[in-house]
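Reading the structure
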Amino acid sequence: MNNSLSGSVDMLPEEVLCRNLIEEKIKRFWERNGFVMVSIPVLENWDKLQVALDEKLIEKTIRFIDRFGGVSVLSPDLTVSIARMVSARKRNFTFPLKYFYLSDVFRVTSEHSVIRQCGVEIIGADKQTLADVELAVLIFMTLKEIGFNEIYLEIGNFEILKELLSLNILKNHKKSLFEAFLKKDWVALYCISNEIKDSKISNFIKNLPGLSGTPDEVFSKIDLVPEFLHPSVKNLEKISNEIKNAGVKHYINLSLINEISYYTGFIFQVFVPGLPSSIGGGGRYDDLYSLFGFDCPSSGFGIDLDKIYGVLKANYLKPINIDVLLCFNDGIPLHWVWNLAASYRDQCIRVEIDLKNREFNEALEFSKNKRAKRLVYISKLESSGVSGWIVDTHNENKERMTFC
Amino acid sequence: MLKIAVPKGVLFDPSLKLLKNCGYKIPSDFGRKLLIEDSNQQLSLIIVRPFDMPLYVEEGVVDVAFIGKDVIEETSMSCFEILDLGYGQCRLSVAVPGFSPYRSVEDFHSFIKVGSKYQNLSKKFFIEKGIQVRIFPLGGSVELSPIVGLSDAIIDLVSTGNTLKANNLIEIETILFSTSRLVVNDAKYRLKRKEINEFILRVKEVLDDIY
């Protein structure tokens, strides 16, 4: 992939093939899991979408005024777009819905402006814990399916931080604490917690970053957690047990936080070797749909496909080749060429017709450059059809052929 | 093996001393090498310029780094900021020449010129104050710019204040206090958890003994 313009890339055929192979694998896997694909338009109406976008995301959007004077935005977040779509057409559905997408999103950052993403959404599930477990297991299995052996799945519950920061005694520190958790700034957390008068809460905030690790390590330290947060921790433990029962190794992080503001409860992130940051993540966003006038629980996850290509490229990158290159002499009636090509194609053989009349040796060289497995060279018009040579490009063995 | 980035400059010696106090066998003389290993092959050290460090950390080239808070804030780097290492104490301040009429930033006229290596923090500082300034990005010898008339003020790191004094500059406002920090790459903190936590513990024990 080459940077053609800052933040966007163009892809050569080999790279497109690599991307398609990975995407097809993901698509088939999600279909086998009962999810169906939806398509979201690239262009969205800004007024409709902005109600559900947070400040940080709004800053990154690409917007413009269309010829009717309305403001359009290039889709910055597919979860929000799907929420808009489902909320607008909810009467026709039987819930829960299990959707997936493979698409580009547009956000201006220092690194990119187009991000290739895939993800799933579970909308309107009655048993929310089941949906949470399914998502965590699905993201893990998806990465396994496409070739990652070591996957670090980390789960948390955003409610823990939300409930903690809603305490009246933290009123003056709420903003700075949230920022510190978001920036993973343990030094600031320590300094702020020293200003908190309630020693139990102060100690808990100091200990919170350390409350991460295997489920056994974390849940055995429940005594360090203030009692009013126990229900949220227990809820996470319940989900963790179910994920474990599904055979998925995972880790707990009680201070896990997502910078996208619509998350409400269970959240998770995945990391793989070879990448310096999270490859994907998701969670629950029960309030998102109500922003579009439809009260409906929902959850989902997204995976950054560009990051996946970067790591798995070597496994999937293959040279593009064709099965047969069909060359012909000047004077061969074209209908014979089309008919011969069609007969190959009927057998699912990939055929490229050469658009230039070449001498045999030149045609052989050309077919090697094209990585064609075989060269079919029509050299002569016979009374009943055409004749020529079939050449194995690899060893140059040739065989006479006639086509009637 | 843990990969650690150590900054060139004033934080270099105290960072090596800290590692030695943690029990790592760091060679005392490694010439001009920028990549060294401790003799027990537990650590691989990469010596880089302070402002290049965020890139090394964020891209996961190193697992851990010792880095000034000023650089973390200037570059808005994304990482775990685990420990305040205590050394490298300094402050990012606004300074003006002794002959300047300004004695506080509130006195600044619109569109005055400020020279700094810290463009982002400078910009943020003046935006929050509601003062329009032109920031000149400078790579070094920032103190020179108001003396020769390139700028009206500077924003730069001050530790003892001796350089400012020597160049007849007066510190009028502090933007940020900085010390050296131990930071960890986002993904590495998960994928090399055990190794990194052991390292943090060793550093913590040494710091607890000092402070």
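Residues numbered from 1 in each chain as written. Chains lettered and ligands numbered in written order. Predicted model: local features only at pLDDT ≥ 70, side-chain atom pairs only at ≥ 80, totals over all residues. Heavy atoms only, no water.

**Examining the overall build of chain B**
Check the secondary structure of chain B and you find 8 helices and 11 strands. Buried positions account for 52% of the 211 residues belonging to chain B. Residue pairs at least 24 apart in sequence account for 67% of intrachain contacts in chain B once pairs closer than 6 positions are excluded. When the accessible surface of chain B is summed, it comes to about 10,300 Å², and 50% of that surface belongs to carbon and sulfur atoms. (Helix = DSSP H or I, 4+ residues; strand = E, 2+ residues; numbered from the N terminus. Buried < 20%, exposed > 50% of the residue type's maximum accessible area, 1.4 Å probe, protein only. Contact = heavy atoms within 4.5 Å. Areas by Shrake-Rupley, 256 points an atom, 1.4 Å probe, with all protein chains shown as cover.)

**Considerations on the sheet that holds strand S18 (residues 386-392) of chain A**
All names here are of chain A. Spatial ordering of the open sheet is given by S16-S15-S17-S18-S19, a layout of 5 strands whose pairing is mixed. Of all strands in the sheet, those bounded by a partner on one side alone are strand S16 (351-353) and strand S19 (398-403). Ignoring strand direction, the axes of neighbouring strands in this sheet form an average angle of 25°. Alignment of strand S15 (residues 324-328) against S16, held across 3 bridges, turns out to be parallel. Across the sheet, the residue bridging to Val324 is Val351, located in S16. Packed onto the sheet, helix H13 (residues 334-346) meets S15, S16, strand S17 (374-381), S18 and S19 and runs at close to 165° relative to S16. Lying over the sheet, helix H14 (residues 360-369) contacts S15, S17, S18 and S19, oriented at roughly 155° with respect to S17. (Pairing = 2+ DSSP bridges. Axes fitted to C-alpha atoms, helices over the stretch in contact; angles between N-to-C directions.)

**Quick look at the packing of aromatic side chains**
Residues and elements named next belong to chain A. For the structure on display, the rule yields 24 aromatic pairs over all chains. With a centroid separation of 6.2 Å and an interplanar angle of 70°, the aromatic rings of Phe268 and Phe301 are classed as edge-to-face. Linking Phe268 in strand S12 (residues 266-271) with Phe301 in strand S14 (residues 298-304), this pair joins segments that are 33 residues apart in sequence. Plain terms: the ring middles of Phe360 and Tyr377 are 5.4 Å apart, the flat faces sit at 85° to each other, and that makes the pair edge-to-face. Pair noted here: Phe360 is in helix H14 and Tyr377 is in strand S17, with a separation of 17 residues, a long-range link. Among the aromatic residues, those joined into a ring-pair cluster are Trp30, Phe100, Phe266, Phe268 and Phe301. One residue, Arg63, lies across the ring of Trp46, its end atom 4.2 Å from the ring centre. The positively charged end of Lys398 is found above the aromatic ring belonging to Phe360, 4.7 Å away from the centroid. (Phe/Tyr/Trp six-rings, centres within 6.5 Å; stacked < 30°, edge-to-face > 60°. Lys NZ or Arg CZ within 6 Å of the ring centre and 35° of its normal.)

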